[in-house]
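# Architecture at a glance
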Amino acid sequence: MLAPRFNTKGTFHLELKNRISAYFQEVGKSSTGNYKLFIKAILMVISFIAVYVHLVFFTPPTLLALAECLLLGALTAFIGFNVMHDGAHGSFSKYTWVNKLAGSSINFLGANVFMWSTKHNVVHHSFTNINEVDDDIDARPFLRLCDSQKRYGIHKYQHIYAIAAYSLLYLYWVFFTDYEKYFTKKVGNMPMAKMKVRDHISFWGFKALHLVLFLAIPIYFIGFWPWLIGFVIYGMFAGIVLSVVFQLAHTVEDTHFPLPDAETNRIEDEWAIHQLKTTANFATNNKIISWFLGGLNFQIEHHLFPKVSHVHYPEISKIIKQVCQEYNIPYIEYPKMRVAFASHISHLKNLGRA
Ligand SMILES: [Zn+2]
């Protein structure tokens, strides 16, 4: 499949880039992460290791163990949002090796950074919400996420069972879709770059390490059934947190799902305008949500400037909003997370109707 092409006439993207680079020059800051991000990353990773060690080697009482499994699931998602995501985009630090290290945190959590970088940095960030290209909106046949996807009878209930489907995301990703991408050499319909020998070694090495850390060692210390229950709860909760945060950014009532022209394979808008039509922010005034989600509630800023660390999004969002106003381009924003969530559920409900 050939990648769609965007309209290259227009000055909106250039204007945005000029204003943001002028901002960083004016304040004299680097656009990558700062000490606050590094402290947060260390805190999250230490918390994860502490909870893991307590669960596996100290056999906490059942109720506490279940709560710790949920916490471990949430920490998996938070490390993904705050450390891995910035690292894989190269925005975590000005040093390449630090970005690689931060990005590789995903390998320890069971998923693979090579597959992630293709799926997310290349496909999702370039072709956001374009059906048949953006793998993030492909949850077929379970969910219908845009109106150009085929509707099945079961979709009538998708707003009810969506959370159950989301709970499978992490486990499905780690144990199935990574391998599917590896063997088909594709992300959805898009071909992946050729993997080098070291990428193959890293893929199999980290998959094996994950099995040792998250299956073999816990089973040895706490037994098969307690491990299975704990691991499934952990994986399901991680899946819910990851999916809900992803979905609130792109699959809500106000975002669009543009399709390329059938003959020319061209998208009507220039790339930056396409990003604004397909992406939404939520709860940007909530400092706690912003801290835990690693700026993924500032998805507009992230999609326009993925190489800028999320620590700068609150400041640059003011500039982006201003430019959008000047160019009369929509800036989709939900004031609270629960409003965005309700909008996502309504979106699912609308698409499930005949
Ligand atoms: Zn991203």
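Read on for a plain summary of the structure. (Residues numbered from 1 in each chain as written. Predicted model: local features only at pLDDT ≥ 70, side-chain atom pairs only at ≥ 80, totals over all residues. Heavy atoms only, no water.)

The next thing to look at is the nonpolar core. The biggest cluster of nonpolar side chains holds 60 residues, and the ones touching the most others in it are Phe-48, Phe-81, Tyr-234, Phe-282 and Leu-293. Considering every element that reaches this core, the biggest residue donor is helix H3 (residues 62-89), with 12 residues. Leaving out residues up to four positions away in the same chain, Phe-48 has contacts with Leu-72, Leu-75, Thr-76, Ile-79, Leu-109, Phe-214 and Tyr-234. Counting residues in hydrophobic clusters, the runner-up holds 21 residues, among them Ile-300, Phe-305, Ile-320 and Val-323. (Core = buried A, V, L, I, M, F, W, Y, C linked by side-chain atoms within 4.5 Å. Buried < 20%, exposed > 50% of the residue type's maximum accessible area, 1.4 Å probe, protein only. Helix = DSSP H or I, 4+ residues; strand = E, 2+ residues; numbered from the N terminus. Contact = heavy atoms within 4.5 Å.)

The subject of this paragraph is helix H9 (residues 197-222). Taking 1.5 Å of rise per residue, the 26 residues of H9 would be expected to cover 38 Å, and the 37 Å separating its terminal C-alpha atoms lies within 8% of that figure. Helix geometry: H9 is bent most strongly at Val-212, by close to 35 degrees. Every buried residue of H9 is listed here: Asp-199, Phe-203, Lys-207, His-210, Phe-214 and Pro-218. After H9 finishes, the residue Gly-223 shows a positive phi value of roughly 95 degrees. (Expected span 1.5 Å × (residues − 1). Bend = angle between axes of the 7 residues up to and from the residue.)

In this section: the packing of aromatic side chains. Taken as a whole and judged by the stated rule, the model has 28 aromatic pairs. Pairing Tyr-23 with Phe-24 gives two aromatic rings, centres 5.0 Å apart and planes at 70 degrees, and the pair type is edge-to-face. Of the two residues examined, Tyr-23 and Phe-24, each falls in the buried class. Grouped by ring-pair contacts, the aromatic residues Phe-48, Tyr-52, Tyr-170, Phe-175, Phe-214, Phe-224, Trp-225, Trp-227, Phe-231 and Tyr-234 constitute a single cluster. (Phe/Tyr/Trp six-rings, centres within 6.5 Å; stacked < 30°, edge-to-face > 60°.)

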